[in-house]
Amino acid sequence: RTPPPALLMTASTTHEDFEYARWLDTNVSTLVKADKKNAFEVFSFASENAKDAKISYAHMGTMCETKRGLFCAAFQCSTSGCEGKPGQHVRFCTSEDKCETWTETKVPMFGLNALWSPVLHYLEQTDEILLFYSESRKQLSPGGDVKLIRTRDEGMSWSEPETILTHESLGGVPKVIANRVCRGLREECLRLPFWTEPTDSWLRYRQYHPMEENASLKKKVYHSPPGSRDDDSESVYSGTIDSHDGGKTWEAPRIKQLVKFPEHTWLIKNSVLRSALQNDYSMYMRSATGEVWYSSGDDAQQYWSTPEPIPNLPNPNSKVSANVDSFVYTTANGEVKERVVLALNPSKTKRAPLGLYICRAHNREESGNQKYPFIEVEGDPNGNFAYPTTFIASDGSVFVIYTAWDVGIRVYRVPSLDLETALVS
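Residues numbered from 1 in each chain as written. Predicted model: local features only at pLDDT ≥ 70, side-chain atom pairs only at ≥ 80, totals over all residues. Heavy atoms only, no water.

Visitor: Would you mind going over the overall build of the chain with me for this structure?
Guide: Within the chain, the regular secondary structure consists of six helices and 27 strands. The proportion of buried residues among the 425 residues of the chain is 57%. Taking contacts inside the chain between residues at least 6 apart in sequence as the whole, the part at least 24 apart equals 57%. Total accessible area computed for the chain in this model is approximately 17900 Å², and 49% of it derives from carbon and sulfur atoms. (Helix = DSSP H or I, 4+ residues; strand = E, 2+ residues; numbered from the N terminus. Buried < 20%, exposed > 50% of the residue type's maximum accessible area, 1.4 Å probe, protein only. Contact = heavy atoms within 4.5 Å. Areas by Shrake-Rupley, 256 points an atom, 1.4 Å probe, with all protein chains shown as cover.)

Here it is, written out as structure tokens:
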């Protein structure tokens, strides 16, 4: 049959154009196109701040908002042009005008080895910002010990670091974090997503791995010295580090509480979503199979279901991010609906385009393709836009912070009209 006009190939049409158009045609009910006026630079390599600090690499941004409306961002960066080298550290900045302009960055933490993937979380009860990160100690592969620092003066000063999960735990492999803290179903419960990454992961999962981007690091990956135990390269899991006292202390999980990687793929950069209506959790994960993977869980049984791919959600082996709270709204006819705000690259091969898919939580019993709205953040299917993290502000505004390669860290603010247009479809 003749394909719809959006799918017709021309001499100037790339494979990426065709792949994106086909996904839109099959899975999207309403497309809201990206608008450059809604994108703001959090940290640009062209800025004086970056030039003075000689920063040539920035990645893995997250955000939070304080009760007075101050927006905060943190990300990893270095002067080496790629990730993983010693000197990779965390930078922090703030915005007083809902992300349109940002202060110059400060360095809340650095070390002799690489620091990875800062995650911000705000505690309203104590007016305290938590900054989680992981620090390489035994290996140069991503991750290490998961640590936490705190500030009560909006980043002017920070506490001493607390180690909440060590390299040695759960098989002795590096621990990595990437996505925001999810509030638990029980009062005072907080859940920080993490995964374990064995030191040979660059051999198993080469695509988009930092060791592939930095050949000099490959030569420095080493085994434990004679007389000590090697890391357990089969200790490969995703899960959460939980607090049951509102963030004062954190508890290492047991193996049975984690999602085991299948034989043929890793499942990393997991984000955990709490359902406001269904009283359960959903976990969305990056994979090497070309699809987003999913698992469900609850507080009662304290374990996650067997993970499975979601066929209509492509993934180019790159981070996917579900907002930590489901989005609940009431339609014009009084129907209450619940949706997941899912930031992703709708491609199996490219980290482009980038957008927000406003969909129902995955249901393994549901058959057939359902169409949902898609709000573009970056519409170029030949670009490189990675590591999105969603954030819904106190006034209901939706944001996504992400990496624009060769540019820096960027944030996109979804106008309320765009969100309304998407939700009424």
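Visitor: Before we go on, may I ask you to explain helix H6 (residues 416-423) in this structure?
Guide: One turn of an α-helix holds 3.6 residues; hence residues three or four places apart share an orientation. Those residues of H6 that sit buried are Asp418, Leu419, Ala422 and Leu423. One side of H6 holds all its buried residues, which, seen down the axis, span an arc of 130°. Among the exposed residues of H6, those pointing more than 90 degrees away from its buried face are Ser416 and Leu417. Against strand E1 (28-32), strand E21 (327-330), strand E23 (354-359), strand E24 (372-378), strand E26 (398-404) and strand E27 (408-414) lie the buried residues of H6. (Arc of directions from axis to C-beta.)

Visitor: What should I look at first to understand the pattern of salt bridges in this one?
Guide: Should the charged atoms of two oppositely charged side chains come close, the side chains can pair. In this structure the tally under the stated criterion is 17 salt bridges. Asp35 is the salt-bridge partner of Lys37, the closest N and O atoms lying 2.4 Å from each other. Among the residues examined, Lys37 registers a relative accessible area of 61% and is labelled exposed. Between Arg274 and Asp325 there is a salt bridge, and its shortest N-O distance comes to 3.0 Å. In this pair, Arg274 is assigned in strand E16 (residues 267-274) and Asp325 in the loop between strand E20 (321-322) and E21, connecting sequence segments 51 residues apart. Through salt bridges with shared partners, a single network forms among Glu128, Arg150, Arg152 and Glu162. (Salt bridge = Lys/Arg side-chain N within 4 Å of Asp/Glu carboxyl O.)

Visitor: Help me understand the sheet that holds strand E6 (residues 106-109), please; the structure alone is not making it clear to me.
Guide: Each strand in a sheet pairs with its neighbour through backbone hydrogen bonds, running either in the same direction (parallel) or in the opposite one (antiparallel). The sheet built from four strands is open, its strands ordered E3-E4-E5-E6 with antiparallel pairing. Edge strands, defined here as strands with exactly one partner in the open sheet, are strand E3 (57-65) and E6. Averaged over all pairs of adjacent strands, the angle between strand axes in this sheet comes to 35°, irrespective of strand direction. Examined bridge by bridge, strand E4 (residues 71-78) and strand E5 (residues 89-95) share seven bridges and lie antiparallel to one another. Across the sheet, Cys72 pairs through a bridge with Thr94, a residue of E5. (Pairing = 2+ DSSP bridges. Axes fitted to C-alpha atoms, helices over the stretch in contact; angles between N-to-C directions.)

Visitor: Help me understand the packing of aromatic side chains in this model?
Guide: The relative placement of two aromatic rings is captured by the distance of their centres and the angle of their planes. Within this structure, the stated rule accounts for 15 aromatic pairs. Pairing Phe92 with Trp158 gives two aromatic rings, centres 5.3 Å apart and planes at 85°, and the pair type is edge-to-face. Highlighted residues: Phe92 in strand E5 and Trp158 in the loop between strand E9 (145-151) and strand E10 (162-165), separated in sequence by 66 residues. One aromatic cluster is present, built from ring pairs that chain together Tyr20, Trp23, Tyr357, Tyr372 and Phe374. Its end group placed over the ring of Tyr281, Arg191 keeps NZ or CZ at 4.6 Å from the ring centre. Residue placement shows Lys260 over the ring face of Tyr237; its charged tip is 4.9 Å from the ring centre. (Phe/Tyr/Trp six-rings, centres within 6.5 Å; stacked < 30°, edge-to-face > 60°. Lys NZ or Arg CZ within 6 Å of the ring centre and 35° of its normal.)

Visitor: Please explain the side chain of Glu128 as it appears in this structure.
Guide: Examined against the element boundaries, Glu128 turns out to sit in strand E8 (residues 128-135). At 3.1 Å, the side chain of Glu128 forms a polar contact with the side chain of Thr126. (Polar contact = N/O pair within 3.5 Å; in protein donor to acceptor, adjacent residues only side chain to side chain.)

Visitor: What should I look at first to understand the sheet that holds strand E7 (residues 115-123) in this one?
Guide: Strand order in the open sheet made by the four strands is E7-E8-E9-E10, with antiparallel pairing throughout. For this open sheet the edge positions go to E7 and E10, each flanked by a neighbour on one side alone. Pairs of neighbouring strands in the sheet enclose a mean axial angle of 30°, with direction left out of account. As judged from the seven bridges shared by E7 and E8, these two strands associate in the antiparallel manner. In the strand pairing of E8, Leu123 is matched with Glu128.

Visitor: Please explain the pairing of E24 as it appears in this structure.
Guide: For a regular strand, the rule is simple: side chains alternate between the two faces of the sheet. Across the seven residues that make up E24, a large majority, seven, are buried. Note: E1 against E24, three bridges, orientation parallel. Looking across to E24, one finds that Leu31 is bridged to Phe374. Both E23 and E24 contribute to a ladder of four bridges, which runs antiparallel. Among the inter-strand pairings, Tyr357 is bridged to a residue of E24, identified as Phe374.

Visitor: What is the right way to read a nonpolar patch on the surface from this model?
Guide: Where nonpolar side chains cluster on the molecular surface, the patch consists of Leu277, Val328 and Val336 and spans about 230 Å² of accessible area. Along the chain, the position of Leu277 falls in the loop between E16 and strand E17 (281-287). (Patch = residues over 30% accessible without salt bridge, like charges linked within 9 Å, V, L, I, M, F, W, Y side chains within 5 Å.)

Visitor: Sorry if this is basic, but what is going on with the environment of Ala276 here?
Guide: Position of Ala276 among the secondary structure elements: in the loop between E16 and E17. In sequence terms Ala276 and Ser326 are 50 residues apart; their C-alpha atoms lie 6.1 Å from each other. When sequence neighbours within four positions are dropped, the list of residues in contact with Ala276 reads Ser326, Val328 and Glu338.

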